Amino acid sequence: MAITINQFPTSPNMANNNLLFNVSSNSSSAAQFQYICNLTYSGSATVLQTIKQQPNPYSYGVFDLGQIISNYLESDNNWEAAPFSTSSAVAKRFQVTFGEEYASSVSGAAIQYTGVGATTGSPAVTASSYYYVANGLVEPYDKVNWNWPSSSYYVNTVVSGTSSFSYQHALTNAPYTQSIQDGEYATISLINGNFNGSTTAAQDIFVVRVRSYDATGSLLDDVDLANLVPNGGGPRANGTQIWSDVAANQTAGTQLITIGVGPQNLADNGDTLNANWAYYIVQPVNQASAGVANYSGSYATLRFEKQGPQCGYDGVRFAWKNEFGVWDYFTFTLDSGATTGIERSSYEQSFVPYSTNDTTAPYNKERRGTIQFYNKLDKLQTANSNWLTQEQADWLKELFFSTNVFIQEGLNFFPVSIITANLIEKTNPRTQKLFQYVIEFKPANQPNARL
């Protein structure tokens, strides 16, 4: 007459993973006994899924909700964040409750119980008020006791202080130094806040500092992007609020934030880079006190180096959903090309008009013999990367595995599908191996056939 939850996932976690729950009951030997699991959004009474399961031979119930939860997560297409964007689709809070049902005999009607004593009703036993799950994945050998290794990307630090720390918690496997061109968009995403309601400890993204330099290393500009609700972030409404003022205001959206850090994102926000910039440093930092940033407390440090067109080519800028469910970017800078294949269907019409509706069969030299009734265009494009390091080549494999890829054209993004990727290896015995990718892709929305 009581459910016990013996095992449950950690929070935050990733949906494309085994999110395991192990439950037991002291009524598991009852006739027609089944464990009941209800999945809802946190704070909602609407049941998304109900799963029923008979006890295993040892009387336990083991539920894996990873694949089920992934059905309720999508992508936030926030490439143009300026400066912040919160998550509305890629990460959500879920509540998982357990109950039981059984009958007084093998022929009696089964009755549903809350799992708390002998009270009838909907499942009510839970191990946590919510589970925060993002639309990412966890590789089998990267797991920690089934779970996403969140400590590599999220840590609670003491808020409102001048403590010194330096992490690399951006949700990406990209190199910490990247190349980028004027006019290109780029974003980084981080876990924000906490998941236990603490008013004294959090991964508190207070501001994102952007410092740009010229080719000599001289500082050109120093800009703070404030993580505020009016700027698309949160949960702070203004910079004078300390964490204890806003801890209770956290939502699923503000627990994952995306920051626009590309030259075009900065320009869209009114922070256009100085024309002489050679590189800039991006650092999300925590709060020292009301209205004051702690520049000694950095949650990530990323460097973006200026890159111009290579050999006269502007290149192809890709954006793809990475293994964390957020966006990575890379420009294939060398030659690109496009071919269009045409699939046709036709039939042959007699030159003689047998179906004439006149007393004579008219002669018409413009009468068409071959009639094309179906044209389908298939546009295929290629892109060539510059020579890459081993680190870059390994990271870019995520682009080829991703099922959600876009290209930037001008200030717009268009969906594409990756068809093939070929790797060219160049070995220099005196230095290191270099690699080049040549990929084929096609627009997800093909051109309309011509009339």
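Residues numbered from 1 in each chain as written. Predicted model: local features only at pLDDT ≥ 70, side-chain atom pairs only at ≥ 80, totals over all residues. Heavy atoms only, no water.

Within this structure, the stated rule accounts for 30 aromatic pairs. Seen in terms of ring centroids, Phe 33 and Tyr 102 are 6.2 Å apart; in terms of plane orientation they differ by 20°. Their pairing is stacked. Here Phe 33 is found in strand β4 (residues 31-41), whereas its partner Tyr 102 is found in strand β8 (residues 91-103), with 69 residues between them in sequence. In terms of burial, Phe 33 and Tyr 102 fall into one category: buried. (Phe/Tyr/Trp six-rings, centres within 6.5 Å; stacked < 30°, edge-to-face > 60°. Helix = DSSP H or I, 4+ residues; strand = E, 2+ residues; numbered from the N terminus. Buried < 20%, exposed > 50% of the residue type's maximum accessible area, 1.4 Å probe, protein only.)

As a further point, take the nonpolar core. Grouped together as the largest cluster of nonpolar side chains are 31 residues, with contacts concentrated most on Leu 225, Ile 259, Tyr 280 and Val 282. Looking at this core, the elements that each hand over two or more residues are β14 (187-191), β16 (207-213), β17 (219-226), β18 (256-260), β19 (279-289), β21 (302-306) and β23 (327-332). Among all residues touching Leu 225, those that are not within four sequence positions of it are Pro 83, Phe 84, Phe 206, Val 207, Val 208, Val 210, Ile 259, Gly 260, Leu 266, Asn 269 and Asp 271. Counting 26 residues, the second largest nonpolar core, distinct from the first, contains Tyr 35, Phe 63, Ile 68 and Val 96. (Core = buried A, V, L, I, M, F, W, Y, C linked by side-chain atoms within 4.5 Å. Contact = heavy atoms within 4.5 Å.)

With that out of the way, let us pick up the pairing of strand β22 (residues 316-321). In terms of burial, β22 is a largely internal element, 6 of the 6 residues being buried. Of the two faces of β22, the one holding Val 316, Phe 318 and Trp 320 and the one holding Arg 317, Ala 319 and Lys 321 are both buried throughout. Across 6 bridges, β22 lies against β23 in antiparallel orientation. Bridge pairing in β23 places Lys 321 opposite Trp 327. Here β22 folds back onto β23, and the loop between the two strands holds 5 residues, one of which, Gly 325, carries a positive phi near 85°. (Pairing = 2+ DSSP bridges.)

What follows concerns the environment of Leu 411. Along the polypeptide, Leu 411 turns up in the loop between β26 (405-409) and β27 (412-427). Note: C-alpha distance between Leu 411 and Leu 19 (392 residues apart in sequence) is 39 Å. Discounting residues that sit within four places of it in the chain, Leu 411 has contacts with Glu 80, Tyr 185 and Gln 264.

What holds strands together in a sheet is hydrogen bonding between their backbones, with the strands either parallel or antiparallel. Read from one edge of the open sheet, 3 strands run β1-β3-β6, paired in antiparallel fashion. Two strands close off the open sheet at either side, each with one partner strand: β1 (3-7) and β6 (61-64). Direction aside, the axes of adjacent strands within the sheet are offset by 30° on average. Across 4 bridges, β1 lies against strand β3 (residues 20-25) in antiparallel orientation. If you follow Ile 5 over to β3, its bridge partner there is Val 23. (Axes fitted to C-alpha atoms, helices over the stretch in contact; angles between N-to-C directions.)

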